[in-house]
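Okay, here's what each chain looks like letter by letter:
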Amino acid sequence: MSFGRTSLGSGASGSRATGGGGQRPMSDINVTPLVDVMLVLLVIFIITAPLMASSIRLDLPRTDAGKTGDVPKSVSVAVDAKGQVFVNDQPVSEDELAARLASAAAASRDTEVQLRADQTVPYGRIVALMGIANKAGLSRIGFVTEAPAAPR
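Residues numbered from 1 in each chain as written. Predicted model: local features only at pLDDT ≥ 70, side-chain atom pairs only at ≥ 80, totals over all residues. Heavy atoms only, no water.

> What is the right way to read the overall build of the protein from this model?
What the protein contains, in helices and strands, is 3 helices and 5 strands. Counting the 152 residues in the protein, one finds 17% classified as buried. Restricting the contact set of the protein to residue pairs at least 6 apart, pairs at least 24 apart contribute 55%. Taken as a whole, the protein presents about 12,200 Å² of accessible surface, with 59% of it coming from carbon and sulfur. (Helix = DSSP H or I, 4+ residues; strand = E, 2+ residues; numbered from the N terminus. Buried < 20%, exposed > 50% of the residue type's maximum accessible area, 1.4 Å probe, protein only. Contact = heavy atoms within 4.5 Å. Areas by Shrake-Rupley, 256 points an atom, 1.4 Å probe, with all protein chains shown as cover.)

Below, the structure written as structure tokens:
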């Protein structure tokens with residue numbers, strides 16, 4: 001008795017082309033249903049993930065400390081190619097620079113010194129200005145640079 005495919009291998013003819021009992025059992029895994037299920041699950045997770053993140057409702061306390069809109073205070077110090085120092089675009093001497101930085105530090109310790117310097121200014125001059133700012137009590141120093149020109 002032959003019922004189509006057998007588990008014993010090939011039949012009398014041994015060929016798949018013959019329609020009788022000579023076919024081997026199909027051992028390939030059909031992954032199409034697996035891919036379909038995975039795509040459906042992916043779509044479900046994409047849709048529900050943002051909803052799960054905002055599901056916790058909190059009534060947070062309100063305070064004036066640390067507002068996100070607060071812009072940090074800064075003092076702009078610039079040095080041109082001749083070595084002249086400017087504070088907030090006004091020329092000053094080194095003594096005036098120390099006095100202005102000390103008054104800015106007295107107003108707020110979080111004041112940042114934004115240092116702009118010409119490329120030709122010697123490194124030693126920049127370090128001296130950093131030392132004046134540090135003695136005044138300002139330890140946050142940012143170096144302002146210019147972005148290179150975009151290629152056309």
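> Quick question: what am I supposed to make of the environment of R100 here?
If you trace the backbone, R100 turns up in helix α2 (residues 94-107). Once residues within four sequence positions are removed from consideration, R100 is found in contact with V87, Q90 and V92.

> Sorry if this is basic, but what is going on with the side chain of T111 here?
Here T111 lies in the loop between α2 and β4 (112-117). In this structure the side chain of T111 is engaged in a polar contact, spanning 2.9 Å, whose partner is the backbone oxygen of S108. If we skip the residues at most four places from it in the chain, T111 touches K73, S74, V75, A104, L138 and R140. (Polar contact = N/O pair within 3.5 Å; in protein donor to acceptor, adjacent residues only side chain to side chain.)

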